[in-house]
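A closer look at the structure
Spelled out, the chains give:
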Amino acid sequence: MTDLRRRSVLTGAVGAALAATAAPALATPGRKRAFRLGVNYTPSTRWFHLWEDWREDDLRRDLGDIAALGLDHIRIMLLWSAFQPEPALVSGEKLDRLHRFLDLAGAAGLDVEVTVFNGHISARYWTPNWLQTTPEPVNWFTDPAALDAQRALLTALAARIGGHPRFLGFDLSNEPYYYWDSYAGLPVTPQQADAWARTLCATAEEVAPGKAHTVGCDRAPWDNGRYFTRAGLADAGTVVAIHPWTSFSGTLKTDPLGAFATHNAERLIQVAQAYATDPARRVWIQEDGAAPSIHFSDATRPQYAEWLSRSIRNAASCAHTLGFTWWCSHDVNPALVPNLNPLEYDLGLYTNDRRLKPAGQALKNLVAEFDRTPPAPRPRTTAIVVPDTDPTRGNDRFFALAAAGTRVAFVLQSRASDAAHLRARGITELVQP
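In what follows, the accompanying structure is described. Note that the structure is a prediction, hence the values are computed from the model and not measured.

What follows deals with the sheet that holds strand β10 (residues 321-327). One closed barrel accounts for eight strands, arranged β1-β2-β3-β6-β7-β8-β9-β10; its pairing is parallel. Across the sheet, the mean angle separating the axes of adjacent strands is 30 degrees when strand polarity is ignored. Direction of pairing for strand β1 (residues 36-40) relative to strand β2 (residues 73-77): parallel, over a ladder of three bridges. Bridge pairing in β2 links Gly38 to His73. On top of the sheet, helix α8 (residues 190-207) reaches β6 (167-174) and β7 (214-218); it is set at about 160 degrees to β6, its chief contact. Its contacts with the sheet put helix α11 (residues 259-275) on β8 (240-243), β9 (283-285) and β10, and the angle it makes with β9 is roughly 155 degrees.

Written out as structure tokens, the structure is:
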């Protein structure tokens, strides 16, 4: 901790506040739900530029919209370039604004997960200028000085908000591989990605112990075996965060209430738990959503609300699940943020001018249902044995059994004869894919 404390002084964090991070983390005071329901916050007026164009009244109204649905938490995106404009400079103003944002969220009854090193959000790429060197950008996943800077930012953030009663935890980065692979072309191996996640999640736990620390990823690492190793991602941090994005498969245009569409998030939870070392490893569906104007056909669009509800109910049938966080709260304003993928303008629970959409009403109804009758995890005594290198080999059997009403797990071939592992997970019957 000595080096981290010294660096936090260089970055301008309040050094004395670091002492607070050594104390036990405060218990989350949000709604007492075993399965949490929330939304990714997309500000209605300034999008992710809220940190640089601070409009508190707008934020308060947006948070009130979210609270009106009965949701208990949000996930927010920091702009890394605004918070850390130089490696040894963390903006005190932005730290203060973040703390004030948590105050506003708390007044609305919402807890907050903070996503930090955002190289990629909504197909826009955001990194500080000090990483954009020539002839090639700094590889912030492997470069020692860049890793030191990231540790410094986590330390400064924890010094300012780590003890806030509405702070849920740090999400290191939003689907970071789309930055290193699709945009910057950085050479990052799965083993290097694992090391980055493991190292910075350990820092997050050191400076803000007992919180939900993770790295949010879509299904590419799990289904395609790319970017991270599955085992490394399953064990990084204190919770596994998955973004299923079932809507991107195209199935909502034809069969939104079929087994694949309504059980895909549930399947990915089971995949992650199969790779985790801890049989009680928590998993979080941290993003999922759909743009009704794009992902559905005219014939299937009326089924949007039922698809949403069934998908979340099925995810809630899984044990050791933190919750489900929809993407996103408010539609993006195309006049403010032009040239995005068209789907980005229709993913909200509210329109950009804050009118409730059918998806928002459906989620509000589901919140009320879950509060009346909290969902209980279903036993999964049957597990499909899958190759360690390709869990998708079990997909067809999983969806067929789900359609028949049978809840099943996955078990890796390498663990299929491990009696202690099977017993810890409550598995008594194995089936082949």
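The terminal C-alpha atoms of helix α3 (residues 56-68), which comprises 13 residues, lie 18 Å apart, in line with the 18 Å expected from a rise of 1.5 Å per residue. Those residues of α3 that sit buried are Asp58, Leu59, Asp62, Leu63, Asp65 and Ile66. Burial along α3 is one-sided: seen end-on, the buried residues are contained in an arc of 150 degrees. Where the residues of α3 are buried, they touch β1, β2 and α5 (92-107). Positive backbone phi, approximately 85 degrees, marks Gly70, located one or two places after α3.

Glancing now at unusual backbone geometry. For the bond from Thr134 to Pro135, the omega torsion is 5 degrees, close enough to zero to count as cis. Note that Pro135 resides in the loop between β5 (124-125) and α6 (144-161). Of the consecutive residues Trp327 and Cys328, the connecting peptide bond is found in the cis state with omega at 10 degrees. Here the phi dihedral of Glu175 falls at roughly 45 degrees; this positive angle occurs in a residue that is not glycine. Examined against the element boundaries, Glu175 turns out to sit in the loop between β6 and α7 (177-183). The exposure class of Glu175 is buried, given its relative accessible area of 7%. Within the chain, His320 stands out as a residue other than glycine whose phi angle is a positive 55 degrees. Inspection of the secondary structure assignment puts His320 in the loop between α13 (304-316) and β10. The partly exposed category is assigned to His320, whose relative accessible area is 38%.

The next subject is the layout of surface pockets. Estimates place the volume of the largest pocket at around 410 Å³. Lining the largest pocket are 21 residues, and of these His120, Glu175, Trp245, Phe248 and Glu344 lie nearest its centre.

With that settled, consider the sheet that holds strand β11 (residues 382-386). One open sheet accounts for three strands, arranged β12-β11-β13; its pairing is parallel. Both edges of this open sheet fall to β12 (408-412) and β13 (429-431), since each of them pairs with a single strand only. Taken pair by pair, the neighbouring strands of this sheet meet at an average axis angle of 40 degrees, ignoring direction. Sheet topology note: the β11/β13 ladder contains three bridges and is parallel.

Our next topic: empty space enclosed by the protein. Tallied over the entire structure, the rule returns one cavity of 30 Å³ or more. Residue lining of the largest cavity: Pro43, Thr45, Arg46, Leu50, Asp53, Trp54, Arg55, Asp58 and Leu59, and that is the complete set.

Okay, the pairing of β6 next. Among the eight residues in β6, eight count as buried, and that is most of the element. As paired elements, strand β3 (residues 111-115) and β6 share four bridges and run parallel to each other. Paired with Thr115 across the bridge in β6 is Asp171. In this sheet, β7 lies alongside β6 in parallel orientation, the contact comprising two bridges.

Reading the values: rules and limits
Residues numbered from 1 in each chain as written. Predicted model: local features only at pLDDT ≥ 70, side-chain atom pairs only at ≥ 80, totals over all residues. Heavy atoms only, no water. Pairing = 2+ DSSP bridges. Helix = DSSP H or I, 4+ residues; strand = E, 2+ residues; numbered from the N terminus. Axes fitted to C-alpha atoms, helices over the stretch in contact; angles between N-to-C directions. Contact = heavy atoms within 4.5 Å. Expected span 1.5 Å × (residues − 1). Buried < 20%, exposed > 50% of the residue type's maximum accessible area, 1.4 Å probe, protein only. Arc of directions from axis to C-beta. 1 Å grid on protein atoms, 1.4 Å probe; cavity = no way out; pocket = protein on both sides within 12 Å on 5 of 7 lines; lining within 4 Å. Points joined across faces, edges and corners; volume = space filled by probe spheres on them.

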